[in-house]
Amino acid sequence: MKKNSSEIGKQILIILFLTFLVSFCVNFIHPRGVTISFQKPPLQFVSDSVFAETLPQVSIGGEETQEVTVISYEQLIRLLKEKEIQLIDARSKEGYLEGHIPGAINIPYEQYFDYEEQISNFPEDKWLVCYCDGPPCELGAQMAEELKLRDFKKVAVYRGGINDWKQHASLAVSEGSENGK
Amino acid sequence: MENRSALKVFDWVLRMVVAGIFIYAGVIKILNPASFADQVDNYRILPYFLVAITAVVLPWLEVICGILLLTGRWRAASSLILLGLSFIFVLAVASAMIRGLDINCGCFSVEGEGEKIGASKVIEDVLLFAANFVLFRRSLK
């Protein structure tokens, strides 16, 4: 016997109503919830005045992490000019070889355990700035969190990543490997 | 008689597989709605307001309909909604591919480098659409 289409329609309406109710309630309390707005919220950076001071916690992958700093393109440029930085490209080797920020070395986050020796030799007096493609890629943030857990104090994430860099710096990307420099 | 029971087993297996796929995909997105919103935004189809609504609602719709399909309650309604969703997925992925967008699918992972859009993703979504179509037709009998 064919089912009554009005019965199915009623059930669909109930499912949709329940879905909207549950989803918006959960989103309201979710630590990584979506901001409902007409404008896309801008990326949040720390202001220059707190850059080298006690920094706020940032949320990465739904968990509060230990004070990983998020920096903007302008802050990255300042660090590059002052040469107080070691850039770390957390993407895959292929992505890195296609183009990366000049001076960056490649430590793919998903294989970072293969780079233990290189990581242990990172300078402690310089900012270790990790990046990947840019949102929604979280590899840079995850790499930064890993470095923070290894007691590196000056760790930051350039969340805009290579996409943001290309927008600002046009074609100023390096190809090939700079690991081992 | 044998044919009928074989068909029943096929129907049950297909229902479990499709329900499992949607529940898994939904839960992954529910864990990180902000990243899923970025993925939806990357398709450049919807204005940000609708991107945000989609990122909030879609994962729960997948999970709730998946659970209904799994338990066999309101089968026709849940499979019709999933049929509609999988049709939208086919259109979205195909249009991103045609426009040459180099983006992640956002289907089964919302972080990291994920699965890139491509012909294999379109085929995957078409197969999911076909499976949902079969389930919907069978739920009407």
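Keep in mind that this is a model prediction, so the values were computed, not measured.

**Student:** Whenever I open this one, the overall build of chain A confuses me. Can you help?
**Tutor:** When helices and strands are tallied, chain A shows six helices and seven strands. Helices and strands in chain A line up, N terminus first, as α-β-β-β-α-β-α-β-α-β-α-β-α. Taking the intrachain contacts of chain A between residues at least 6 apart in sequence as the baseline, contacts between residues at least 24 apart amount to 66%. Accessible surface, chain A as shown: approximately 10200 Å² in total, 54% of it carbon and sulfur.

**Student:** Honestly, the sheet that holds strand β3 (residues 69-71) of chain A in this entry has me stumped. Any pointers?
**Tutor:** Sheet strands associate in pairs through backbone hydrogen bonding, adopting either a parallel or an antiparallel arrangement. All names here are of chain A. Strand order across the open sheet formed by five strands is β3-β7-β6-β4-β5, with parallel pairing between neighbours. Strand pairing shows two members of the sheet lacking a second neighbour, β3 and β5 (105-106), which therefore form its edges. Running over the sheet, helix α5 (residues 139-149) touches β4 (85-89), β6 (127-131) and β7 (155-158) and is turned about 180 degrees from β7.

**Student:** Hey, could you run me through the interface of chain B and chain A in this one?
**Tutor:** The extent of an interface is frequently quoted as the accessible surface area lost upon association of the parts. The interface is formed by 36 residues belonging to chain B together with 37 residues belonging to chain A. Buried surface at the junction of chain B and chain A, both sides included, amounts to about 3200 Å², of which 70% is carbon and sulfur. At the junction of chain B and chain A, the tally comes to zero salt bridges. Along the contact surface separating chain B from chain A lie two residue pairs in polar contact (both at pLDDT 80 or more). When contributions to the side of chain B that touches chain A are tallied by element, the ones reaching two or more residues are α1 (2-31), α2 (33-42), α3 (48-71) and α4 (75-98) of chain B. Counting residues per element, the side of chain B that touches chain A draws most heavily on α3 of chain B, which supplies twelve residues. Of the residues that constitute the side of chain B that touches chain A, the class distribution is 24 nonpolar, seven polar and five charged.

**Student:** Got a minute to help me understand the environment of Thr-19 of chain A in this structure?
**Tutor:** Secondary-structure assignment places Thr-19 of chain A in helix α1 (residues 5-29). Judged by its relative accessible area of 0%, Thr-19 of chain A is buried. Setting aside anything within four residues of it in sequence, one finds Thr-19 of chain A in contact with Val-57, Trp-60, Leu-61 and Ile-64 of chain B.

**Student:** Would you explain the state of the cysteines in this entry?
**Tutor:** One covalent bond between the sulfur atoms of two cysteine residues makes up a disulfide. Scanning the model with the defined rule gives two disulfides over all chains in all. With its sulfur 1.5 Å from that of its partner, Cys-105 of chain B forms a disulfide with Cys-107 of chain B. Cys-107 of chain B carries the same exposure label as Cys-105 of chain B, and that label is buried. Here Cys-130 of chain A is not cross-linked by a disulfide; its sulfur's nearest cysteine counterpart is in Cys-132 of chain A, at 9.5 Å. On the accessibility criterion, Cys-130 of chain A (0% relative accessible area) is buried.

**Student:** How do you make sense of the pairing of β6 of chain A when you look at a structure like this?
**Tutor:** On a regular strand, each side chain points to the face opposite its neighbour's, so the side chains alternate between the two faces of the sheet. Residues and elements named next belong to chain A. Counting buried positions over the five residues of β6 gives five, a clear majority of the element. Every second residue of β6 is oriented toward a common face, with Trp-127, Val-129 and Tyr-131 on one face and Leu-128 and Cys-130 on the other, all of them buried. Across five bridges, β4 lies against β6 in parallel orientation. Paired with Leu-87 across the bridge in β6 is Val-129.

**Student:** Please explain a nonpolar patch on the surface as it appears in this structure.
**Tutor:** Together, Ile-14, Phe-17, Leu-18 and Leu-21 of chain A make up an exposed nonpolar region whose accessible area comes to about 370 Å². Judged by relative accessible area, which is 55%, Phe-17 of chain A ranks as exposed.

**Student:** What exactly am I supposed to notice about the nonpolar core here?
**Tutor:** General note: in soluble globular proteins, nonpolar side chains tend to be found buried as a group. Core analysis: the biggest nonpolar cluster contains 36 residues, and Ile-15 and Val-34 of chain A together with Val-18, Ile-81 and Leu-85 of chain B have the highest contact counts within it. Per-element accounting of this core gives the leading share, 13 residues, to α3 of chain B. Excluding residues that lie within four positions of it along the chain, Ile-81 of chain B makes contacts with Ile-12 and Ile-15 of chain A together with Leu-61 and Cys-65 of chain B. Val-68, Tyr-115, Cys-137 and Val-155 of chain A belong to the second largest nonpolar core, which has 21 residues in total.

**Student:** Hey, could you run me through a negative patch on the surface in this one?
**Tutor:** Taken together, Glu-84, Glu-124, Asp-125 and Asp-151 of chain A make up a surface patch of like negative charges. With respect to the helices and strands, Asp-151 of chain A occurs in the loop between α5 and β7.

**Student:** Can you help me understand the pattern of salt bridges in this one?
**Tutor:** Proximity of charged atoms lets side chains of opposite charge pair with each other. All names here are of chain B. Counted under the stated rule, the structure contains nine salt bridges over all chains. In this structure, the salt-bridge partner of Arg-75 is Asp-11, at a minimum N-O distance of 3.1 Å. Of the two residues, Arg-75 is situated in helix α4 and Asp-11 in helix α1; the sequence distance between them amounts to 64 residues. Judged by relative accessible area, Asp-11 falls into the buried class, the value being 10%.

The rules behind these values
Residues numbered from 1 in each chain as written. Chains lettered and ligands numbered in written order. Predicted model: local features only at pLDDT ≥ 70, side-chain atom pairs only at ≥ 80, totals over all residues. Heavy atoms only, no water. Helix = DSSP H or I, 4+ residues; strand = E, 2+ residues; numbered from the N terminus. Contact = heavy atoms within 4.5 Å. Areas by Shrake-Rupley, 256 points an atom, 1.4 Å probe, with all protein chains shown as cover. Pairing = 2+ DSSP bridges. Axes fitted to C-alpha atoms, helices over the stretch in contact; angles between N-to-C directions. Buried area = accessible area lost by both parts, 1.4 Å probe. Salt bridge = Lys/Arg side-chain N within 4 Å of Asp/Glu carboxyl O. Polar contact = N/O pair within 3.5 Å; in protein donor to acceptor, adjacent residues only side chain to side chain. Nonpolar A, V, L, I, M, F, W, Y, C, P; charged D, E, K, R; others polar. Buried < 20%, exposed > 50% of the residue type's maximum accessible area, 1.4 Å probe, protein only. Disulfide = S-S within 2.5 Å. Patch = residues over 30% accessible without salt bridge, like charges linked within 9 Å, V, L, I, M, F, W, Y side chains within 5 Å. Core = buried A, V, L, I, M, F, W, Y, C linked by side-chain atoms within 4.5 Å. Lys, Arg positive; Asp, Glu negative; His and termini not counted. Charge placed at Lys NZ, Arg CZ, Asp CG, Glu CD.

Everything listed here is a matter of geometry and, on its own, says nothing about what the molecule does.
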